[in-house]
Amino acid sequence: MKNLPIDLEIFPFYEREKVNDRTVKNRCGRDFLFYALAFYFPTKFGLNKLTAYDLEHQGHFGISVPSYLSWMQIQFLRVPKYFKKLGLRLIINDRKINSFFDFVRANLFSRTTYEKAILDIEKIIDRNEVAGVDISIGYGGLLDHVLFVYGYDAESLCVFDTIRAPVQYESVDGKNMNMMKISKNEIKERWTHFGRVWNVTKVV
C-alpha cells in the first residue's frame, strides 16, 4: 500500500465528541481538516495539542452551529483565511478555495467522475499531500461524508474516521480503531454527482 508518511504511534486519532451520550453529527468536514493540520503541523495539532473541537469552538474554522444547521456551511467561513495564514490551501474537485464563496460554490456545483476521483486521490497521496474522499451516505449525495485518505492499493483506500459511518468499511489496525479500509467498489457505489475530492496542499 502506498501511504502518507505518518507516524501512527503519535498521530492524534480520536472519537467524535458526545453531548448527553449522543455523538455529535455533521462534523466530518471539520474532522478531515483537523487531520490535515495534524499531518502538516504535528507539533501544533498533535497529541494533547489544539484539537478539532478547539478549532471549531474557538472560531478558527468558522461559526459553530448545531448539526441541523450544518447545511449553511458557515462553520467553514474562516477556513480559507486560516489555512492561508498557515501556508496551506484547500482544493475541492480541482477548484482552489480562496474564499468562503469559493468553498460554497465548489461544494454545490463542482463535478467529477468516480474514475477521475480515484486517479486524483492516488496522485495526491503520491505527492505526500492530504486527500479526502467525499461520498454519499444518503439522499442521493445530499447527505455526505468526508474521509481522510491515508493510503491506497489496487482494491481499496485506507482512511481515517472519527465515527462509524453507515458505509461498508472495516478497521485494519487494532491500536487505531479509526483506521479503516474501504473498497473502491464501495466508493463507486456511493459516488453521485455530488462526489468530491478534497485536497489540502502547501502553498509554494
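Going by the structure above, here's the rest.
Here we summarise the structure given alongside this text.

Procedures and definitions
Residues numbered from 1 in each chain as written. Predicted model: local features only at pLDDT ≥ 70, side-chain atom pairs only at ≥ 80, totals over all residues. Heavy atoms only, no water. Helix = DSSP H or I, 4+ residues; strand = E, 2+ residues; numbered from the N terminus. Rg over C-alpha atoms; globule rule 2.2 N^0.38 Å. Buried < 20%, exposed > 50% of the residue type's maximum accessible area, 1.4 Å probe, protein only. Contact = heavy atoms within 4.5 Å. Areas by Shrake-Rupley, 256 points an atom, 1.4 Å probe, with all protein chains shown as cover. Lys, Arg positive; Asp, Glu negative; His and termini not counted. Charge placed at Lys NZ, Arg CZ, Asp CG, Glu CD. 1 Å grid on protein atoms, 1.4 Å probe; cavity = no way out; pocket = protein on both sides within 12 Å on 5 of 7 lines; lining within 4 Å. Points joined across faces, edges and corners; volume = space filled by probe spheres on them. Nonpolar A, V, L, I, M, F, W, Y, C, P; charged D, E, K, R; others polar. Salt bridge = Lys/Arg side-chain N within 4 Å of Asp/Glu carboxyl O.

### Focus: the overall build of the protein chain
On a plain count of helices and strands, the protein chain comes out with seven helices and eleven strands. The globule rule puts the C-alpha radius of gyration for 204 residues at 17 Å, and the 16 Å found for the protein chain is close to it. Over its C-alpha atoms, taken along the principal directions, the protein chain stretches across nearly 40 × 40 × 40 Å. For the protein chain, the proportion of its 204 residues judged to be buried stands at 53%. For the protein chain, contacts bridging at least 24 residues in sequence account for 58% of all contacts bridging at least 6. Looking at the protein chain as shown, the accessible area adds up to about 10,400 Å², and 54% of this sits on carbon and sulfur atoms. The distance from the centre of the 29 positive side-chain charges to the centre of the 24 negative ones in the protein chain is 8 Å.

### Examining empty space enclosed by the protein
It is a probe the size of a water molecule, rolled over the atoms, that shows where empty space is left. Across all of its chains, the model carries one cavity of 30 Å³ or more by this definition. Space inside the largest cavity adds up to approximately 40 Å³. Every residue along the wall of the largest cavity is listed here: C28, D31, F32, Y35, V146, L147, F148, F160, D161 and T162. Listing elements by their share of the lining of the largest cavity, those giving two or more residues are α1 (28–40) and β7 (143–152). When residues in the lining of the largest cavity are grouped by element, the largest group, four residues, is from α1. By residue class, the composition of the lining of the largest cavity is seven nonpolar, one polar and two charged.

### Focus on the layout of surface pockets
As a volume, the largest pocket reaches approximately 860 Å³. Around the largest pocket sit 40 residues that line it, and N26, C28, S70, L143 and D144 are the ones nearest its centre. Taken together, the elements giving at least two residues each to the lining of the largest pocket come down to α1, α5 (100–109), β6 (130–138), β7 and β11 (196–202). Considering each element in turn, the lining of the largest pocket owes the most residues, four residues, to β7. When the residues that make up the lining of the largest pocket are grouped by side-chain class, the tally is 19 nonpolar, twelve polar and nine charged. Empty space within the second largest pocket amounts to approximately 170 Å³. Every residue lining the second largest pocket is counted, 13 residues in all, and those nearest its centre are D94, D120, I124, R127 and N199.

### Remarks on the pattern of salt bridges
Summed over the entire model, instances satisfying the criterion amount to 14 salt bridges. Residue R105 is joined to D102 by a salt bridge in which the shortest nitrogen-to-oxygen separation is 3.3 Å. Of this pair, R105 and D102 both sit in helix α5, separated by three residues, roughly a single helical turn. R105 sits in the partly exposed class, given a relative accessible area of 36%.

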